[in-house]
Amino acid sequence: MKIHPLADRIVVKVLEAEEVTKGGIVLPDTAKEKPQEAEVVAVGKGRVSDEGKVIAPEVKVGDKVLFGKYSGTEIKIDAEDYLILKEDDILAIVK
Amino acid sequence: MKIHPLADRIVVKVLEAEEVTKGGIVLPDTAKEKPQEAEVVAVGKGRVSDEGKVIAPEVKVGDKVLFGKYSGTEIKIDAEDYLILKEDDILAIVK
Amino acid sequence: MKIHPLADRIVVKVLEAEEVTKGGIVLPDTAKEKPQEAEVVAVGKGRVSDEGKVIAPEVKVGDKVLFGKYSGTEIKIDAEDYLILKEDDILAIVK
Amino acid sequence: MKIHPLADRIVVKVLEAEEVTKGGIVLPDTAKEKPQEAEVVAVGKGRVSDEGKVIAPEVKVGDKVLFGKYSGTEIKIDAEDYLILKEDDILAIVK
Amino acid sequence: MKIHPLADRIVVKVLEAEEVTKGGIVLPDTAKEKPQEAEVVAVGKGRVSDEGKVIAPEVKVGDKVLFGKYSGTEIKIDAEDYLILKEDDILAIVK
Amino acid sequence: MKIHPLADRIVVKVLEAEEVTKGGIVLPDTAKEKPQEAEVVAVGKGRVSDEGKVIAPEVKVGDKVLFGKYSGTEIKIDAEDYLILKEDDILAIVK
Amino acid sequence: MKIHPLADRIVVKVLEAEEVTKGGIVLPDTAKEKPQEAEVVAVGKGRVSDEGKVIAPEVKVGDKVLFGKYSGTEIKIDAEDYLILKEDDILAIVK
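Enquirer: Tell me about the overall build of chain A, and name the residues and values.
Expert: Of the regular secondary structure elements, chain A holds one helix and nine strands. Of the regular secondary structure in chain A, the N- to C-terminal order runs β-β-α-β-β-β-β-β-β-β. Per-residue burial over chain A gives 45% buried out of 95 residues. Within chain A, contacts between residues at least 6 apart in sequence are counted, and of these 64% link residues at least 24 apart.

Here is the structure:
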């Protein structure tokens, strides 16, 4: 991995729908704003508050997460697609 | 349960209208923005303030809660529907 | 009473116009945004500030209050109508 | 007086134009947003800051004040008209 | 002077264009939002911060100031026109 | 110089395009929002934070600065044109 | 280098698409808001918080960074094009 997201940004690899089903999570197809499952591949050090405190993100590399479908910015690294999200776009960790 | 909501997010199971009536709560059908009853199934650790303080949510797993009808994001876990809400979408605990 | 409002939310029972008149308060019928009188039936513990301080509401159960007419969310408990307000929707305590 | 405004709200009795002239203050009739003169009849304890500090209002009962004409909410107490303002709607104390 | 502006409000007497020219300041007539010159006649004690600190205004009674032309609220005191500004509407002190 | 900008305001003298070229900086003519070069002639003491702290501006009198073209308010002092900017309108110091 | 960006501003040299490919990063051509790669050439000292704390940027001169395509302001220094960004426009450091 060659990318270090800044502040409270998180880089994720979106998981294919097939893998999602294997993990036991099925996302509803009628919801307008469907969350998607992804694996965290890089985590920023966290936002820096006005007091100079670094607020570390709750997610870690390797976590499976749900995030809002239209969140983030697409990038390609070594020919693979990734998304850069803000931590706040991530709804939950799935275990 | 396999889902850990982040920050001040709460996962709930929406209760059917029938169960609601049994609990003695009847929601008005004329109100435009009707609250719904649900049971809390997972609670985030709480939002982290600028001082680095974690503000724990007031609700706990098992609480029956009222929330604004169009709040949250629908997900399916093991073929059952759930909602991910922000704690601020929850109006009250019903006992 | 079976409802515990969260944070700075307040549950009130709206008082009928007749009762209002008996209390000596007459609300003007020309004002566009007329305040209404209500009795407080449940009070949240208060909002939690960024420092983790709980800011307790000024109103108490039993207080008669004035609030902006179109504020809040209607609910029914045991076949009676109530409103869930934010404390900031309450203008004054009437004694 | 039977009304206790909440937080930084102020109850005032609007002074008639005639009284205003006697006090030496004449408000311009060409200005679009004309301030009006009023007497303070009740004062909230003040807003509560995030640190839990109560910020007491600068105005006191009996003060003559200028406020923006279309500010506030009209109420009637014992058949007299009053206004509930936010302290920030009050521009100045007139002495 | 009979007026005490609240918080960070400032009462000024607008200076006529003629006086302005004498002071060596000529305001451009092509600018859309032209600043005007005025003399400060009353100063609020300053805004009160969330920590309860009073932030005293930088301007003093007698200061000549430039302010944005359409700022403030017009009032008349003893038949003379004044403006009530927020301190933030004042751009600079002219000496 | 007879002008003392308030808070975080900065008075600048816009430099003619010819001078800019001499300094080695050429501004692109295709950009929609082109920055301009100017010399700082007066600096406010800085904004006052909620804690009562004065945050002194980074720029000093005599600095050459780049700022967003349509920022600020034009004034004339002793027949010369100046601009009053907020410090945040200034992008960089050029040396 | 003759430019010192203020506060949390960052000056970058945009890298040509050819160089980007060499570094192993390929940006997707279907994304609406494509990030671009650039090299940091100057870094502001950081934003100053309300407490007077300087929050130093995470990026350093020489870092390769990804940023949102339409961010920032174009400038020319010694006939070369640069961009002035806010640190928050920078998504990640690429190594």
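Here the narrative resumes.
Enquirer: A description of the pattern of salt bridges should follow, citing residues and the corresponding values.
Expert: For the coordinates displayed, the defined rule picks out 42 salt bridges over all chains. The salt bridge involving aspartate 50 of chain D is made with arginine 47 of chain C; its shortest N-O contact spans 2.8 Å. Taken as a pair, aspartate 50 of chain D in the loop between strand S4 (47-48) and strand S5 (54-55) and arginine 47 of chain C in strand S4 (residues 47-48) lie in two separate chains rather than in one. Its relative accessible area of 26% is what places aspartate 50 of chain D among the partly exposed residues. The residue aspartate 78 of chain G makes a salt bridge to lysine 2 of chain G at a minimum N-O spacing of 3.1 Å. With aspartate 78 of chain G in the loop between strand S7 (73-77) and strand S8 (80-86) and lysine 2 of chain G in the segment before strand S1 (3-5), the pair connects residues that are 76 residues apart, well separated along the chain. When salt bridges that share partners are traced, they join Asp8, Arg9 and Lys86 of chain A together with Asp88 of chain G into one network.

Enquirer: If you had to explain unusual backbone geometry to someone new, which residues and values would you point to?
Expert: Positive phi values are uncommon outside glycine, yet alanine 7 of chain A reaches one of about 55°. Residue placement: alanine 7 of chain A occurs in the loop between strand S1 (3-5) and strand S2 (9-14). Positive phi, normally seen in glycine, also occurs at aspartate 78 of chain D, with a value near 50°. Its relative accessible area of 44% is what places aspartate 78 of chain D among the partly exposed residues.

Enquirer: An account of the sheet that holds strand S8 (residues 80-86) of chain C is requested, with residue identities and associated values reported.
Expert: Paired through backbone hydrogen bonds, the strands of a sheet run either parallel or antiparallel to each other. The seven strands lie next to each other as S7(C)-S8(C)-S2(C)-S3(C)-S6(C)-S9(C)-S1(D), forming an open sheet whose pairing is antiparallel. Lying at the two open borders of the sheet, with one neighbouring strand each, are strand S7 (73-77) of chain C together with strand S1 (3-5) of chain D. Ignoring which end each strand starts from, the neighbouring axes of this sheet average 40° apart. For S7 of chain C and S8 of chain C, the ladder comprises five bridges, and the chain directions are antiparallel. Bridge pairing links isoleucine 75 of chain C to tyrosine 82 of chain C in S8 of chain C.

Enquirer: Describe in detail the packing of aromatic side chains, supporting the description with residues and values.
Expert: Across all of its chains, the model carries zero aromatic pairs over all chains by this definition. Between the NZ or CZ atom of lysine 13 of chain A and the centre of the ring of tyrosine 82 of chain A, over which it lies, the distance is 5.2 Å.

Enquirer: Before we move on, can you summarise the relation of the copies chain C and chain D with the specific residues and values?
Expert: When chain C is brought onto chain D, the operation consists of a screw motion whose angular component is 51° and whose axial shift is 0.0 Å, with 0.0 Å RMSD remaining. The residues that chain C uses at the interface reappear at the interface of chain D in only 12% of cases, marking distinct surfaces.

Enquirer: Give a description of the side chain of aspartate 63 of chain E that names residues and reports values.
Expert: All names here are of chain E. As for its placement among the helices and strands, aspartate 63 is situated in the loop between strand S5 (54-55) and strand S6 (64-68). One buried charged side chain, aspartate 63, makes no salt bridge at all; its nearest oppositely charged neighbour is lysine 60, positioned 5.1 Å away. A distance of 2.8 Å separates the side chain of aspartate 63 from the backbone nitrogen of lysine 60, its partner in a polar contact. Those residues within four positions of aspartate 63 in sequence are excluded, and the remaining contacts are Ala38, Glu39, Val40, Glu58 and Ile93.

Enquirer: Give a description of the pairing of strand S6 (residues 64-68) of chain D that names residues and reports values.
Expert: Residue and element names in this part refer to chain D. Of all five residues in S6, four are buried, a share of seventy percent or more. Judged from the five bridges that link them, strand S3 (residues 35-43) and S6 form a sheet pairing that is antiparallel. Across the sheet, residue alanine 38 finds its bridge partner in S6, namely valine 65. Of the strand pairs in this sheet, S6 and strand S9 (residues 90-94) are connected by four bridges, and their pairing is antiparallel. Following the sheet pairing, lysine 64 is matched in S9 by valine 94.

Enquirer: Kindly report on the interface of chain E and chain F, identifying the contributing residues and their values.
Expert: Many structure descriptions define interface size as the accessible area lost when the parts assemble. Facing the 26 residues of chain E at the interface are 21 residues of chain F. Both faces combined, the contact of chain E with chain F buries some 2,100 Å², and carbon together with sulfur accounts for 54% of it. Joining chain E to chain F, the criterion identifies three salt bridges. Considering each element in turn, the side of chain E that touches chain F owes the most residues, five residues, to strand S9 (residues 90-94) of chain E. Looking at side-chain class alone, the side of chain E that touches chain F contains 14 nonpolar, three polar and nine charged residues.

Enquirer: Explain the interface of chain C and chain D residue by residue, including any values.
Expert: The interface is formed by 26 residues belonging to chain C together with 21 residues belonging to chain D. When chain C packs against chain D, close to 2,000 Å² is buried across both sides, 54% of that on carbon and sulfur atoms. Joining chain C to chain D, the criterion identifies three salt bridges. Counting every contact that joins chain C to chain D gives 10 residue pairs in polar contact (both at pLDDT 80 or more). Looking at which element gives the most residues to the side of chain C that touches chain D, the answer is strand S9 (residues 90-94) of chain C, with five residues.

Enquirer: Tell me about the environment of valine 14 of chain A, residues and numbers included.
Expert: Residues and elements named next belong to chain A. Relative to the helices and strands, valine 14 is located in strand S2. Given the relative accessible area of 24%, valine 14 is considered partly exposed. Taking the C-alpha atoms as reference points, valine 14 and aspartate 81, separated by 67 residues in sequence, lie 8.1 Å from one another. With sequence-adjacent residues up to four places away left out, valine 14 is seen in contact with Gln36, Glu37, Ala38, Phe67 and Leu83.

Enquirer: Before we move on, can you summarise a positive patch on the surface with the specific residues and values?
Expert: Positive charge collects at one region of the surface, where Lys53 of chain A, Lys53 of chain B, Lys53 of chain C, Lys53 of chain D, Lys53 of chain E, Lys53 of chain F together with Lys53 of chain G lie side by side. Inspection of the secondary structure assignment puts lysine 53 of chain B in the loop between strand S4 (47-48) and strand S5 (54-55). Since its relative accessible area comes to 37%, lysine 53 of chain B is described here as partly exposed.

Enquirer: So, the sheet that holds strand S9 (residues 90-94) of chain B: which residues are in play, and what are the values?
Expert: Taken together, seven strands build an open sheet; the order of strands is S7(B)-S8(B)-S2(B)-S3(B)-S6(B)-S9(B)-S1(C) and the sheet is antiparallel. Each end of this open sheet is capped by a strand with a single partner; those strands are strand S7 (73-77) of chain B together with strand S1 (3-5) of chain C. Geometrically, the sheet is characterised by an average inter-axis angle of 40° between neighbouring strands, direction not taken into account.

Enquirer: Let's hear about the side chain of arginine 9 of chain G: which residues, and what values?
Expert: Tracing the sequence through the fold places arginine 9 of chain G in strand S2 (residues 9-14). One polar contact links the side chain of arginine 9 of chain G to the main-chain carbonyl oxygen of isoleucine 90 of chain F, over a distance of 3.0 Å. Beyond its immediate chain neighbours, meaning those up to four positions away, arginine 9 of chain G contacts Asp88, Ile90 and Leu91 of chain F together with Val43, Gly44, Ile84, Leu85 and Lys86 of chain G.

Enquirer: Report on the pairing of S9 of chain C, specifying residues and quantitative values.
Expert: The element S9 of chain C is extensively covered by neighbouring structure, given that five of its five residues are classed as buried. Here three bridges tie S9 of chain C to S1 of chain D, and the two strands are oriented antiparallel to one another. What sits directly across from isoleucine 93 of chain C, in S1 of chain D, is histidine 4 of chain D.

Enquirer: So what about the environment of serine 49 of chain G? Which residues, and what values?
Expert: In this fold, serine 49 of chain G is placed in the loop between strand S4 (47-48) and strand S5 (54-55). Looking at serine 49 of chain G, the relative accessible area reads 1%, which means it is buried. Once residues lying within four places of it in the same chain are set aside, the contact partners of serine 49 of chain G are Asp50 of chain A together with Arg47 and Ile55 of chain F.

Cut-offs applied
- Residues numbered from 1 in each chain as written.
- Chains lettered and ligands numbered in written order.
- Predicted model: local features only at pLDDT ≥ 70, side-chain atom pairs only at ≥ 80, totals over all residues.
- Heavy atoms only, no water.
- Helix = DSSP H or I, 4+ residues; strand = E, 2+ residues; numbered from the N terminus.
- Buried < 20%, exposed > 50% of the residue type's maximum accessible area, 1.4 Å probe, protein only.
- Contact = heavy atoms within 4.5 Å.
- Salt bridge = Lys/Arg side-chain N within 4 Å of Asp/Glu carboxyl O.
- Pairing = 2+ DSSP bridges.
- Axes fitted to C-alpha atoms, helices over the stretch in contact; angles between N-to-C directions.
- Phe/Tyr/Trp six-rings, centres within 6.5 Å; stacked < 30°, edge-to-face > 60°.
- Lys NZ or Arg CZ within 6 Å of the ring centre and 35° of its normal.
- Least-squares fit on C-alpha atoms with pLDDT ≥ 70 in both.
- Lys, Arg positive; Asp, Glu negative; His and termini not counted.
- Polar contact = N/O pair within 3.5 Å; in protein donor to acceptor, adjacent residues only side chain to side chain.
- Buried area = accessible area lost by both parts, 1.4 Å probe.
- Nonpolar A, V, L, I, M, F, W, Y, C, P; charged D, E, K, R; others polar.
- Patch = residues over 30% accessible without salt bridge, like charges linked within 9 Å, V, L, I, M, F, W, Y side chains within 5 Å.
- Areas by Shrake-Rupley, 256 points an atom, 1.4 Å probe, with all protein chains shown as cover.
- Charge placed at Lys NZ, Arg CZ, Asp CG, Glu CD.

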